[in-house]
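One-letter residues, chain by chain:
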2 protein chains.
Amino acid sequence: MTATIITIGDEILIGQIVDTNSAWMGNLLNLHGISIREIVSISDDETQIKDSLALASKHSDLVLITGGLGPTKDDITKKAMADYFGVGMDFHEPTWERIKKMFAKWGRSTTPAHKEQCFMPSNAKILFNKMGTAPGMLFEENERLFVSMPGVPYEMKYILEHQLLPVLKEKLGKVFLEHRTILTVGEGESRIASRLESIEENLPAHIKLAYLPGLGQVRLRLSGKSTNESLLKSEIEALKKAIVEEISELVYGFDKDNLATEVGGKMTNHGLRLGLAESCTGGYIASQITQNSGASAYFEGGVVVYSNELKERLLDVNTATLESHGAVSEEVVTEMVKGTLNKLSADIALAVSGIAGPTGGTADKPVGTIWLAVGNKDRIVTQRLNLSKDRVQNIKYTGVAALNMIRKFLLEFKFN
Amino acid sequence: MTATIITIGDEILIGQIVDTNSAWMGNLLNLHGISIREIVSISDDETQIKDSLALASKHSDLVLITGGLGPTKDDITKKAMADYFGVGMDFHEPTWERIKKMFAKWGRSTTPAHKEQCFMPSNAKILFNKMGTAPGMLFEENERLFVSMPGVPYEMKYILEHQLLPVLKEKLGKVFLEHRTILTVGEGESRIASRLESIEENLPAHIKLAYLPGLGQVRLRLSGKSTNESLLKSEIEALKKAIVEEISELVYGFDKDNLATEVGGKMTNHGLRLGLAESCTGGYIASQITQNSGASAYFEGGVVVYSNELKERLLDVNTATLESHGAVSEEVVTEMVKGTLNKLSADIALAVSGIAGPTGGTADKPVGTIWLAVGNKDRIVTQRLNLSKDRVQNIKYTGVAALNMIRKFLLEFKFN
């Protein structure tokens with residue numbers, strides 16, 4: 001099955017918002033074996049909407065339309081769709097009842113614009129929207145499906161996952177799809193590919209391996225398609241195992257894990273508490289950890305010791321060490337780890353000090369020089385990174401490297 | 001002038017990356033009076049590329065193509081373009097010399113694929129790419145411009161800003177455009193709109209006012225177009241002044257400022273040092289501040305006191321206060337400010353404690369309850385926020401509110 005995505009609304013064309021909806025839809029549909037042929041963003045213009053529908057219907061079995069269903073006057077998708085199919089508009093009583101109930105619950109009154117929202121092209125099948133006022137609409141013409149959904153991300157996601165996907169699955173019939181994503185950190189795409197060469201060469205035709213690189217991380221996605229579900233599952237499982245064996249030291253998790261939750265899960269299981277001492281990353285590592293619910297189970301806290309004075313005052317880093325080696329040095333991050341273990345009473349501490357840039361570099365410590373240390377009362381490990389000239393990239397990459405250092409430290413940790 | 005953007009590459013269609021390039025281009029071109037009619041994402045498919053070029057050329061004066069210029073085998077944009085224009089390929093010696101020099105500098109050797117990159121459609125005008133190997137290409141046909149650029153964001157941005165924009169400006173001729181963005185925080189779009197109603201009603205036809213809402217912030221953009229540059233500048237300036245007067249307490253800056261740099265600039269000017277004590281935001285506020293180069297001029301540092309024990313240990317918050325009022329309380333954030341002023345020797349301190357969610361809420365302190373305090377040795381101001389159920393949104397919104405509290409505190413601050 002081939003699909004076209006059409007997003008309607010000036011916000012994307014004038015660059016006011018980035019179109020994240022399409023990437024989300026593309027990813028989800030791909031996982032169900034539907035390939036996206038084209039993504040088109042157009043304005044709230046009736047002629048343009050109709051032209052785009054006509055064009056998409058020429059080469060796609062599924063046309064997904066988002067946006068243009070709000071109660072304001074420039075939202076004209078519904079009228080364009082009715083015109084395109086040559087039908088009139090019907091008032092949809094159940095939607096009106098639902099909207100009235102929602103507003104009554106909020107203690108607010110509806111406006112005429114809300115009633116207007118309940119007129120739908122007469123050939124539309126209504127897709128219930130639990131998350132907002134405008135429902136989705138499903139149209140079928142010559143074996144082709146057209147779906148119109150609101151542009152608000154969580155409304156679109158609800159309708160697509162809960163209302164549309166069951167319909168699509170039925171259409172797609174008895175072909176089973178299976179996906180498994182292996183999460184790696186610490187090595188680039190091409191080196192991983194060369195280590196997996198023999199596995200890739202022997203992949204059966206119905207299973208694909210995709211490399212999805214990110215900053216300091218690469219996700220490996222195995223996708224298979226078959227009419228024999230249990231066989232497919234065991235094939236994918238066996239390949240997953242073979243890949244993990246080949247690059248075991250790089251693999252930190254699967255599917256929806258992330259590096260912070262992975263590290264956190266291990267620490268929580270062993271009752272260990274983490275403390276952080278950040279200089280150049282300025283709180284970024286702490287904020288990555290605490291973005292995940294449940295961080296308090298292992299995260300004691302951290303200090304952002306941006307000034308040298310604070311490194312001494314909060315972490316007892318020696319003035320002499322700062323003076324002789326400079327704040328960006330192996331010696332200072334080592335003392336920062338010791339200070340964090342003492343002052344924050346953490347079991348494991350991570351410290352970072354570096355030159356994020358764009359200024360502050362010197363000949364022997366250029367912008368992008370970052371020192372990291374991780375340790376406990378028995379053992380401290382250090383690492384120097386030589387990164388680029390871009391401040392934000394340097395901070396983000398250091399965040400990944402820091403979490404990976406903690407992960408590796410835990411792998412070698414002697415648990416009681 | 002009307003433009004179409006065509007992005008080429010499967011990464012966008014399968015949802016592996018989000019298309020941020022198009023939003024950036026749309027925004028920049030709009031500022032120069034060029035409106036985007038359509039954004040199209042397609043696959044690395046020769047026929048599809050040619051079809052899209054033909055379609056775009058029907059209704060656009062400018063066609064911007066990104067992606068498909070890399071040295072790997074699935075990048076076939078150049079061949080499709082040559083076919084579309086019915087021309088052959090020429091070897092571009094200066095590009096080859098440039099690539100060889102780049103690789104020599106890095107101490108790496110070129111591959112045959114790099115030489116392949118130097119063949120260009122013979123009707124292309126080469127646009128120098130300072131940031132990477134593949135140059136941009138400019139084609140002109142029947143008064144219509146076609147531009148092909150790499151998909152790597154910083155390469156595309158360099159070519160568009162430095163190589164293409166001068167060409168476009170010449171084409172656009174002697175119409176002057178003027179933009180001014182007024183940055184506000186602390187009030188929603190519709191309330192601001194009602195306060196600016198009379199100004200909006202009296203806007204001259206050649207000047208527009210756009211509302212660009214973000215989390216807790218709204219940007220107001222004045223855009224004007226005229227043949228009389230100095231008159232236009234003074235008109236925009238007068239409108240800007242009128243708007244600022246009407247909503248002065250909400251305005252924190254203009255154009256490319258951000259809330260953190262604005263607060264930081266004021267503190268730096270007065271030689272004041274900032275200290276932070278974060279609980280539920282977990283380092284997010286510190287990381288927002290330190291993302292900007294130059295933060296060390298006023299940012300002393302911060303503590304992420306995620307556990308209650310750390311609130312006592314690092315900031316001397318009283319056990320009794322924590323026990324009787326709970327960690328999420330006006331009393332605790334007030335003590336956290338005092339502790340931060342003392343222990344971090346900051347001139348101004350901000351503290352935050354709350355329930356970011358999704359769990360941890362109670363009947364009188366539901367998820368989204370956040371207490372903030374800001375102060376110096378003379379005066380402490382507190383605020384309670386009642387936010388939503390979404391953890392990440394709560395953290396981000398609190399970040400904006402926190403910086404705005406510091407901003408307002410500074411406005412009333414008695415500087416020596």
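Residues numbered from 1 in each chain as written. Chains lettered and ligands numbered in written order. Predicted model: local features only at pLDDT ≥ 70, side-chain atom pairs only at ≥ 80, totals over all residues. Heavy atoms only, no water.

Bring the parts together and some accessible area is lost; that lost area is often taken as the interface size. Every contact between the two is made by 62 residues of chain A and, on the other side, 62 residues of chain B. Of the roughly 4,500 Å² buried at the junction of chain A and chain B (both faces included), carbon and sulfur atoms supply 56%. Our count for the contact surface shared by chain A and chain B stands at zero salt bridges. If you look at where chain A meets chain B, you find 29 residue pairs in polar contact (both at pLDDT 80 or more). Element by element, the count of residues in the side of chain A that touches chain B is highest for strand β2 (residues 35-42) of chain A, at seven residues. Where strand β14 (residues 299-304) of chain A meets strand β14 (residues 299-304) of chain B, three bridges bridge the pair, whose relative direction is antiparallel. Bridge pairing in β14 of chain B links Gly-302 of chain A to Val-304 of chain B. (Contact = heavy atoms within 4.5 Å. Buried area = accessible area lost by both parts, 1.4 Å probe. Salt bridge = Lys/Arg side-chain N within 4 Å of Asp/Glu carboxyl O. Polar contact = N/O pair within 3.5 Å; in protein donor to acceptor, adjacent residues only side chain to side chain. Helix = DSSP H or I, 4+ residues; strand = E, 2+ residues; numbered from the N terminus. Pairing = 2+ DSSP bridges.)

Quick look at the pattern of salt bridges now. One pass over the full model with this rule turns up 32 salt bridges over all chains. The residue Glu-309 of chain A makes a salt bridge to Arg-313 of chain A at a minimum N-O spacing of 3.2 Å. Pair noted here: Glu-309 of chain A and Arg-313 of chain A are both in helix α13 (residues 308-315), with a separation of four residues, about one helical turn. Taking relative accessible area as the criterion, Arg-313 of chain A reaches 35% and is therefore assigned partly exposed. A salt bridge links Arg-180 of chain B to Asp-255 of chain B; the nearest nitrogen and oxygen atoms lie 2.9 Å apart. (Buried < 20%, exposed > 50% of the residue type's maximum accessible area, 1.4 Å probe, protein only.)

Before going further, it helps to spend a moment on the packing of aromatic side chains. Applying the stated rule across the entire model yields 14 aromatic pairs over all chains. A centroid spacing of 4.8 Å and a plane angle of 25 degrees characterise the contact between Phe-85 of chain A and Phe-139 of chain A, whose relative ring orientation is stacked. In this pair, Phe-85 of chain A sits in helix α4 (residues 77-85) while Phe-139 of chain A sits in strand β7 (residues 136-141), placing the two residues 54 residues apart along the sequence. Relative to Phe-85 of chain B, the ring of Tyr-84 of chain B lies with its centre 5.1 Å away and its plane at 75 degrees, an arrangement referred to as edge-to-face. In this structure Tyr-84 of chain B comes out as partly exposed when scored by relative accessible area, which is 22%. Residue Phe-85 of chain B is classed as buried on the basis of its relative accessible area of 14%. Of the aromatic side chains, those joined through ring pairs into one cluster are Tyr-84, Phe-85, Phe-139 and Phe-146 of chain A. Just above the ring of Phe-254 of chain A sits the side chain of Lys-240 of chain A; from NZ or CZ to the centre is 4.5 Å. (Phe/Tyr/Trp six-rings, centres within 6.5 Å; stacked < 30°, edge-to-face > 60°. Lys NZ or Arg CZ within 6 Å of the ring centre and 35° of its normal.)

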